[in-house]
Amino acid sequence: MGLISNKVPRRFLKPGDHIYSWRFGLVYSHHGVFRGEGQVIHFTSASSSSAGPRRRGSCSACELLEHSDRHSGVTVSCLDCFLRSGWLCRYEYGVSNAAHALRRRGTCNTAESGPVEVVLERAEALLAQNSFGEYHLLENNCEDFATFCKTGQRCNRNGTSRRYGQASVFTLPSRRRRSTKIAARDEGK
């Protein structure tokens, strides 16, 4: 995969893939979990335009999806609305420390992904409950959501590990974040 992004053709997407799309050139990216059948589960804020065309008009494919009417929190949309004409990229898991250090933040992670069934179960549960907390660009964002779905781990922002993607560009490490009901449930297993 590339140093700046991991572009992937649609035909190579698999359910459970952590995907992202660059916005405003390569300024920031929007992340989600590919559900299959051309659908993406993702986390967005009310002030964000990352929910796609539903905010400006309507997409007939998205209108048929349960929970697609949410303009904030965990929502689902069709792949076209998620991408908003941007590149389709797949986030990589299990990369070496050396590869991670060389690549643009927000494109890969050294952590291993969980099994596809577990990834989709987490994403679907968070969608049904709309429970990933309050969206915050630096503390609880779409990349954190997709990473949690893939690994079951929240981003450690207490300075002991490297920060994830877009938030790392703007801030220094800060306090550790609260866990969600899903995180507590996963820890109990």
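Shown above is the structure to which this text applies.
Anyway, here's the lowdown on the structure attached to this text. None of these values were measured; they are calculated from a predicted model.

Within the largest apolar cluster, 16 residues are counted, with the highest numbers of intra-cluster contacts made by Val33, Ile41, Val74, Leu126, Phe132, Phe145 and Cys149. Tallying contributions element by element places helix H4 (residues 116–129) first for this core, with five residues. With residues up to four places along the chain from it excluded, the contact list for Val74 reads Ile41, His42, Phe43, Leu126, Leu127, Asn130, Ser131, Phe132 and Phe145. Ranked by size, the runner-up nonpolar core spans nine residues in total, among them Ile19, Val40, Leu79 and Leu88.

Taking 1.5 Å per residue, 14 residues should reach 20 Å; H4 reaches 20 Å between its end C-alpha atoms and fits that length. Directly after H4, the chain includes Asn130, whose backbone phi takes a positive value near 45 degrees.

Moving on to the sheet that holds strand S1 (residues 18–23). The antiparallel open sheet is built from five strands, whose spatial order is S4-S3-S2-S1-S5. The sheet is open, and its two borders are formed by strand S4 (73–78) and strand S5 (89–90), each paired with just one other strand. With six bridges connecting them, S1 and strand S2 (residues 28–36) associate as antiparallel partners. By the bridge assignment, Ser21 is partnered in S2 with His30. Of the strands in this sheet, S2, strand S3 (39–44) and S4 touch H4, which is tilted by about 105 degrees from S2. Contacts between helix H5 (residues 142–151) and the sheet are confined to S1, S2, S3 and S4, with S2 contributing the most and set at about 35 degrees to the helix.

How each quantity is defined
Residues numbered from 1 in each chain as written. Predicted model: local features only at pLDDT ≥ 70, side-chain atom pairs only at ≥ 80, totals over all residues. Heavy atoms only, no water. Core = buried A, V, L, I, M, F, W, Y, C linked by side-chain atoms within 4.5 Å. Buried < 20%, exposed > 50% of the residue type's maximum accessible area, 1.4 Å probe, protein only. Helix = DSSP H or I, 4+ residues; strand = E, 2+ residues; numbered from the N terminus. Contact = heavy atoms within 4.5 Å. Expected span 1.5 Å × (residues − 1). Pairing = 2+ DSSP bridges. Axes fitted to C-alpha atoms, helices over the stretch in contact; angles between N-to-C directions.

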